[in-house]
Every structure is written in C-alpha cells, then in structure tokens.
Amino acid sequence: MADTYVPEALLAGIGWEVDFRASGGSAAWRGAGWSAQEADGVWSVGPRSVLTLPGLPKDWPDDEAATLEFDLSPCLAPPLVTAQYVSLTLNGVALGWQRVEGPARIRCAVAPGLMRAGETSVLTCEHPGFVRLDRLGAGADDRPLALRVTEVRLRRDTGNAVPVAPPRPGSALLELIPFVPRLPADPVTYRLGGSGSPAAELRDGWHVDDDGLVWTAARVSRLVLPAAGFSPAVLRIGLTPLLTKDLLPAQRLAVVAGGMLLGQFSVRAETALCVPLPAGVGDGGIELIFVTPDAVPMRSFAYDRPEQSLGFVIDWIVAETPPPRLHAAASLRGDGLAEAPALAVSQRFVDVPTAELHARIEAELGVKAADLMRGFESLGDNCAFGLAQRKAGAEVLGLLRFANTPLRALLRGLGDSFKAALAKADIELYLHPDGNPREYMLKIARYGIRWHTLVHEPDAEAAAVERDQVIKLGFLRRKFEEGLRGGRKIYTLVRSEPQKIGVVMPGFAAPDTASASRGVTQLMPAWDPPRRYEVVPPPLTLAEAQAVLVELNRRGANTLLYFVPAAPDRPAGTVELLAPGLMRASMASFVILTTGEHANDFDWVRVAANAWLLNKDANAVFRQ
Amino acid sequence: MMIRYVVPFPVMNAWLESCQVADDGMLDIPYQDYIAMIRRLLEPVEVDEGWYAAAYPGVGQGIARGVFPSATVHYLAHGYFENRLPFAPERTDVRAPLPFRDIRAETRVRAARGELRVVMQKAAVLGIVRRLLLAVPVDEAWYRATYKGVAAAIDRGGFASAVSHYAQYGYTECRWPFAMRVEEDWYLGRYPDVRESVASGAVASAQEHFWRAGYREGRFPARNSHQ
C-alpha cells in the first residue's frame, strides 16, 4: 500500500501516528504476533497481534472522544480467500469487528476515558482468518499471515471541525461494527445426501456414491447451508479422509466460509472438527468451501468417473452457538498452524523426582495425589487415565474409564446422552479374541464404544456377566449424566489407542507396511506367530477437542483437559489453560502398563496437579 | 546380510483367495494391501545404492542423514511409487520393473469410506503380478541347471529365456528364480519342527527343508532384515 497522504491542515487533529513502514519506527510499539519489518509495512502472524500504543497527548481533554485509524491490507488468496476478519480490543474493551476485502482504512471511535494522557494502551487485534499461502498452493510463503499494517493513528474526534483524511485511491474506508452477542442456540444438523431436513445444498465438486456417502470430488467443493434461524458461532464437521498408508498418510483440508479462511487442517483419521465462524458469517446461510489439495485424482486409476478427485467423506455438519461461557474456547482456531498464547500455564512439579512427587503435592497443595486424581473423569479414548488413577490410589466410578471410545463414537454417545447404555437390546457381550483367559467385553454398536468388564471367561457365566454389566452400565451412565450437570469434574481426553493391524505378507527388505484383510493370518499358519504391528494414532488437535468441549457443555459448565505429546517448551506434566473451560496437558508418553511402577505413571499425576491448580485459579471464572 | 527372496506363490495365492468376494474370481482388496503386495514382489529387484542416491539427491541427503536406512528401503517404501528407477536406465543386464503408473492405470478401484479398494478379477491381478515378475533377476544359468526340463523347453524355443519362463509359469509352480541360501542356525531356531526333523534325520539340513517344503510353506530362509 502506498503512503497515506495526510494533508498539513489535518495534522492538528492527529494525536499520534505509528508508521509501520521501514522508514517508520513501529518496532518499539509492536508486541506479540508480528512478522519482521518489510519495506511497506509489517504483517501480523497467527491469530492475534498486540500493539502497545502511545498515550494521549498531554493536552488532550479528558472528555474528548477519539478515533483510531488502521491503514492495512489483508492477506488474500482469490478466488477462494477473498476477505479477512479483524476485531479490535483496546485496554480490554471490545471495540468491534470488520470484514476486510482489500486495502482499507478501518476507523473506530474510542470513548472518552478509554485511553489516558501519558499512559500507554494495549490494543489487541484478532485475525483468525490467517492464511498459510503455501498450503493453498498460492505461493511459497509459509507464514500464517492476515493483515499487513501500514499505519495506525489516533485522531482527535471534534465533530466536523476536522475532516477525515481520505484513504488512498482504491482503499476502502470502513467503520468498525460493534459486537452483538450471539445467543445460545441448539444445534442444527445439516443432512448431506439422502433425505431429511435441513439439507445442505451441494453445489459443484461433490459425488454421492451408491452407499450414500458424500465425497468431496474436486480440489474445490462448494455447498450452501441454509440459514439456521440464528447466528451460529461454530460449525462442527464430521468427516473421513481418503488415505493410503505410507503413500497418503494425511490429507490437507482448508475450510472457507464467506470468503474467509476458517482453518487449514491436516487430517489423518476419521474425526470431527470444530471451526469457529467470525461475526457476520452465517446470519443468512453459509456458503462453505472445502479445498482439498491432496485429493486423489481418480484418472490415475481404472475408475468409472476419472474426472473426480476424491478427498473426504463429509458425514455431517452441525451449526450452533454454545453458551457464552464457551465463546472464547469455541472461537479459537484449532488447526494447529499458529496459536495465541495460553491464558495461563502451570508447570509445577514437572521436575520433582517421582519418589517425592506425592509427598510434595500433599505438602504444597494440601491435597493427596489420590484425591486430586478423583477430581477427573476420563472420556477415553482408552483406559490410560483410568489406570493412572488406579496407580495413584484413586478408584472412581466412571462410565468411560475402562472404555475404548474413538472420538466420533464419543460424540455420538454424548449427543444422545448415552441412552443406549440403558437399553439392554443395544448392549452386546462378547469375548475378547486375545488373552488367556479371555475377558468379557461389552459393546454398544450404535456408538462404536467397547468396554472392559474385567471379568474373565472362567470366572463367570456369560448370562450372569451380561445381567450384571447391563445394570452396572446403566448406573454408570446415570452417574455420568449427573456429573455433567454438576460441572465439578475435569474431563480428560486422550487419543492413544493404537490400531492393531495384521501384516499382509511379511517381507524381507521393506518395513512392514501393509494391513491385512480379516482372517488372512489364519490362512497362512506358516507365519508363526501371526505378525501384527500397531499404528500410533495422531495426537488430538485443538479443533477436535473443541468439538468435544461444545458437546460436553450442553448439560453444565464442564472443563475439558486434552492431552498432546510434550515439546521442548512444554515438558511432560505441563498444563495450559487455552481458554476458560479448555486445558491442554503435555505427556512424554501415553503408554501406561497395568502392573509395576514406571516413571511415566507420575506424569499423569503432575498433569492432574497442574490442572487442579489452574482450575481453582485462572479457570475459576468458568465454573461460576 | 541382504538376502534376495520372492514371496512364494502359495502365500500370494492364499491372500488373494482371502480377498475373493464372488465365485467368479472377483477380488476386493484394500488398496494399501495391494500396494503391500507390489512391494513384496519388488523386494528381489536390485537397487543400485550409489546410482540411486546420486540420481535423486534429495533421497541421497535423506540417506546420509539417516532418514532412510538405504536406497533399497526408500525405493520400496516410496521411490517405486513415485516412478523412480532402481538403477541407471541404460543398464541392459537387468530389467526395470513395470512402472507404477502403468499398474495404477490398470487397477480398477472403488472408493470406500477412508480408503480405496481394488476391485478386480483374480486373473487380472495375477497378470500384473506376472509382469512385475519380469523384473526379478532370474539367475539364467542356475535356473537352467536346476530345472533341466525348463532348459530344454527354452532350447526348443518354447520360451525366450529363464526370466520369461519364470514369470509365466515358474513362479506359480513355486520354482526358485535363483539360489536362496538358508541361514541354518536361524532357520532351525525359528522353526522348531524343522529342528526336530533334522535331529531325527528326516531331512538333512535346514537348506534341504527350505528347498523341499519350507519355501512353499511361506517360511523365511534367514533373518528378515527388519525382524
């Protein structure tokens, strides 16, 4: 953008200017969320950028309003990404939002008293639609860019006495739009393909197969969601990527609505993603665009529809506005490309030797480790947290404590309040194929959830086990629902259950890379023993945790703690409060053995202690 | 020790039959298993480690940094499927495998949730198998010396070469394309029933067992390089 020309006559009306061009001196005012200086401005990077602004001039009357002006250009990738969303908060007061489709000057009124003479102010700029151009095939830039800022100025607002300086030709003049709170609304589930209502209107780039699965069938697939009758704050999308082990282990997916990028995901398994909708998107229906750069070109194969490029099966889309307590958590962009700093981080006890850990926790927190662990309830996806509780001396009742709950299965169960756990006809008892003696297992096919009974074949008759377990499951379900309504626990979510896959044909030179069809190993007894390998699942993403969090909060103010692998700046045991109600824990390993004591067992306790600390401090407001 | 080995036809056939979904021989195979089948058939292909690393510098750097243990592993895991060559194209003493793009173009697939599935007649899959087998480095002299009847047929002009016979018939007849040396101690330790047979004198050695029965039973002659 060229320099903004400010006529000499108008300078008298200007409180101050910060020039972001190379010739200016903006570095002193820039906080987090900015890229390096470039000739004609500075790019914001990630979802949030912060400026420390000069105070009002000393001669500024206390009762005089002001106008803040931003000269900026959005990062766009037409024809897909044609706008950026920007919202401003000054000294903790939300000023408003605007949609920016090109070079623009954004103006907003600053009420008297919001800024003070001689005191700096903090301006937070949210721009969740940042774009990784390289992932859209729109260049090589790998920075998550949103806005290039040229100038920020404060103008004395003296009515008509000082005319507004025009932005340069071709640059729009935009006033910030005040926020209107979005009212909570029940979810609306859009049908894709088949019958039912409301239905998503599939535009170009789709294929509905003979099984009724709805595929993205081009690099760009568009659909329209009819108006939901309210202004939705989030979309939750259930989808399954088309993958081939080794050759295509993940598919990228960009989701665009109203010309704004909602997320750029890398999807490695069937899942559900939560994408926040900026204000102004979705009030009258939503045009949703799925961009799938890794879609498989079917012309490479002998295939009936060679013109197609298949990427994802889209199973469902839900539009909703969660309760206000969740707005901050639900508005985070969860694709993992760039994140705003956590609200709070707790790393107590991460360096405490395991032999001293329990005693130190009790001494410093006044709570026994076992009691700490009782304050959590596992949502899965396996028994790891339940075992960690047991090892810490906490035996608690939990519906999903010893269950295998893939993410989509968990959402199905939460979505209908696990009613199937009360219906004997929906509960199936079977024997686990491995183990000697074999364990009785429970399954609810409607959800795709399996439970350990911890009862083995020689110890009881199947009919008796089934009778007892059905009663137990119903009881646990009732306790689970009471817990959700009570909102006293922190719910934990891990994804670590490995997928066990048989080897098709053992080979010599290549690593084991193939999965097996059912029964293959039995056909080839010469492979003694039948060989299997385990595929470690991808760690949970923020977008997936958000999808669960929203569902979890229908009945009460429930905090979710999800687990990810540790990183150099997040050693095992670290817990971050990402937003009220949403925490993230770091673990070195998710493996926990049923017997013996291992160093890794104690990381679960460290996590519990740090989550407990955050919950009674920074997260306390969420529970009120 | 790198040992060349071809997955035996009975193993291949048992797997294909397990994928059969109709009496007419129609197969329904997860695409990634089909890829695994191709990998198994490519295992005996010689990969020129030096040439490969030089011809594909990015891979060469990956090998140097330890990302890939060898050019052979890269070729089997990725290179072949990226249409890379295993050795210099001007070489005439070895035959490059059928390009993957050609196989893919003949591979009839359907899209299922989360995966592609190969839906083809067993005969069509075996046709692709045979064409891949043309890249197996058959030891012409050993093959002719070992299978005298085949040598006679080649001499009569029934087959162009040992490779040709092996790809057309030899593989399904469970013939060996080259001598496979058995690691005696490993074999006897891995297969206790063979150890008993050798101890009782029913077979003379692990090598003899592998020749007479072990190969077609799907046993390995030596430690798998990845075991």
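Residues numbered from 1 in each chain as written. Chains lettered and ligands numbered in written order. Predicted model: local features only at pLDDT ≥ 70, side-chain atom pairs only at ≥ 80, totals over all residues. Heavy atoms only, no water.

### Examining the overall build of chain A
Then comes step 1: Scanning chain A from N- to C-terminus turns up ten helices and 37 strands.
Then comes step 2: Here the C-alpha radius of gyration of chain A, 27 Å, is about what a compact globule of 624 residues would show, namely 25 Å.
Then comes step 3: Reported as C-alpha extents along the three principal axes, the dimensions of chain A are approximately 95 × 70 × 50 Å.
Then comes step 4: For chain A, the proportion of its 624 residues judged to be buried stands at 57%.
Then comes step 5: Look at the contacts in chain A between residues 6 or more apart in sequence, and 69% of them connect residues 24 or more apart.
Then comes step 6: About 25,000 Å² of surface is accessible on chain A, with carbon and sulfur atoms providing 52% of the total. (Helix = DSSP H or I, 4+ residues; strand = E, 2+ residues; numbered from the N terminus. Rg over C-alpha atoms; globule rule 2.2 N^0.38 Å. Buried < 20%, exposed > 50% of the residue type's maximum accessible area, 1.4 Å probe, protein only. Contact = heavy atoms within 4.5 Å. Areas by Shrake-Rupley, 256 points an atom, 1.4 Å probe, with all protein chains shown as cover.)

### Some points on the pairing of strand E7 (residues 93-100) of chain A
Then comes step 1: Relative to E7 of chain A, strand E6 (residues 84-90) of chain A runs antiparallel, the two sharing seven bridges. Its bridge partner being in E7 of chain A, leucine 88 of chain A is matched across the sheet by glycine 96 of chain A. (Pairing = 2+ DSSP bridges.)

### Digging into unusual backbone geometry
Residue and element names in this part refer to chain A.
Then comes step 1: Following proline 78, the chain continues to proline 79 via a peptide bond in cis, the omega torsion being 10°.
Then comes step 2: Following glycine 380, the chain continues into aspartate 381 via a peptide bond in cis, with omega recorded as 15°.
Then comes step 3: Among the structural elements, aspartate 381 can be located in the loop between strand E27 (376-378) and helix H4 (384-391).
Then comes step 4: A positive phi angle is found at asparagine 91, which is not glycine, with a value near 50°.
Then comes step 5: Examined against the element boundaries, asparagine 91 turns out to sit in the loop between E6 and E7.
Then comes step 6: Relative accessible area serves as the criterion here: at 33%, asparagine 91 is assigned to the partly exposed category.
Then comes step 7: In the Ramachandran plot, serine 417 falls in the positive-phi region, its phi being about 60° despite a non-glycine side chain.
Then comes step 8: Structurally, serine 417 is set in the loop between helix H5 (407-415) and strand E29 (427-431).
Then comes step 9: By relative accessible area, serine 417 is classed as buried at 17%.

### Things to note about the packing of H5 of chain A against helix H8 (residues 542-552) of chain A
Residues and elements named next belong to chain A.
Then comes step 1: Orientation of H5 relative to H8, taken along the N-to-C sense of each, is 15°, at an axis distance of 10 Å. By the angle between their directions, the pair H5 and H8 is classed as roughly parallel. The two elements H5 and H8 cross, and the hand of that crossing is left-handed. Between H5 and H8, the contacting residues are Leu407, Leu410, Leu411, Leu414 and Gly415 on the first element and Glu544, Ala547, Val548, Glu551 and Leu552 on the second. (Axes fitted to C-alpha atoms, helices over the stretch in contact; angles between N-to-C directions. Parallel < 35°, antiparallel > 145°, perpendicular 65-115°, else oblique. Left-handed = near helix turned anticlockwise from the far one by under 90°.)

### A look at the confidence of the model for chain A
For any part of a model where pLDDT is low, the fine detail of the predicted coordinates should not be relied upon.
Residue and element names in this part refer to chain A.
Then comes step 1: For chain A, per-residue confidence averages 89 on the pLDDT scale, and 92% of positions sit at 70 or higher.
Then comes step 2: Of the regions scoring below 50 in pLDDT, residues 1-10 engages in 28 contacts with residues more than four places distant in sequence or in other chains.
Then comes step 3: Below pLDDT 50 for its whole length, residues 509-530 participates in 67 contacts with residues either more than four positions away or in separate chains. (pLDDT = per-residue confidence, 0-100.)

### Let's talk about the pattern of salt bridges
Then comes step 1: Under the counting rule described, the total for this entry stands at 62 salt bridges over all chains.
Then comes step 2: Arginine 153 of chain A is the partner of glutamate 17 of chain A in a salt bridge, and the nearest nitrogen-oxygen pair spans 3.1 Å. Of this pair, glutamate 17 of chain A sits in strand E1 (residues 14-19) while arginine 153 of chain A is found in strand E11 (residues 144-156), placing the two residues 136 residues apart along the sequence.
Then comes step 3: With a shortest N-O distance of 3.0 Å, aspartate 304 of chain A and arginine 108 of chain B are connected by a salt bridge. Taken together, the residues aspartate 304 of chain A in the loop between strand E23 (296-297) and strand E24 (309-310) and arginine 108 of chain B in the loop between helix H6 (100-106) and strand E2 (109-112) connect one chain to another.
Then comes step 4: On the basis of relative accessibility, which here comes to 39%, the residue arginine 108 of chain B falls in the partly exposed class.
Then comes step 5: Here the residues in one salt-bridge network are Glu17, Asp19, Arg21, Glu69, Asp71, Arg105, Arg107, Glu151, Arg153, Arg155 and Glu175 of chain A, joined through shared partners. (Salt bridge = Lys/Arg side-chain N within 4 Å of Asp/Glu carboxyl O.)

### A word on the environment of glutamate 461 of chain A
Then comes step 1: If you trace the backbone, glutamate 461 of chain A turns up in the loop between strand E31 (449-456) and helix H6 (462-486).
Then comes step 2: Distance in space between the C-alpha atoms of glutamate 461 of chain A and tyrosine 440 of chain A is 9.9 Å, their sequence separation being 21 residues.

### Digging into the pairing of strand E3 (residues 41-45) of chain A
All names here are of chain A.
Then comes step 1: Along E3, four of the five residues are buried, which leaves the element largely enclosed by surrounding structure.
Then comes step 2: The sheet contact formed by strand E2 (residues 34-38) and E3 spans three bridges and is antiparallel. The residue of E3 that forms the bridge with tryptophan 34 is serine 44.
Then comes step 3: Where E3 lies against E11, three bridges are found, and the strand directions are antiparallel. From the neighbouring strand, tryptophan 43 faces E11, where its bridge partner is arginine 148.

### Some points on the environment of tryptophan 60 of chain A
All names here are of chain A.
Then comes step 1: Within the secondary structure, tryptophan 60 sits in the loop between strand E4 (48-53) and strand E5 (66-74).
Then comes step 2: Each C-alpha atom, one on tryptophan 60 and one on glycine 118, is 9.9 Å from the other, the two residues being 58 residues apart in sequence.
Then comes step 3: With residues up to four places along the chain from it excluded, the contact list for tryptophan 60 reads Gly15, Ala65, Ala66, Leu154, Arg155 and Arg156.

### Some words on the sheet that holds E31 of chain A
Residue and element names in this part refer to chain A.
Then comes step 1: Taking strand neighbours across the sheet as the criterion, the four strands line up as E28-E31-E30-E29 in an open arrangement whose pairing is antiparallel. Of all strands in the sheet, those bounded by a partner on one side alone are strand E28 (403-404) and E29.
Then comes step 2: Relative to E31, E28 runs antiparallel, the two sharing two bridges. Looking at the pairing, asparagine 404 lines up with arginine 450 of E31.
Then comes step 3: Against the sheet, H6 makes contact with E29, strand E30 (439-444) and E31, and its axis sits at roughly 135° relative to E29, the strand it touches most.

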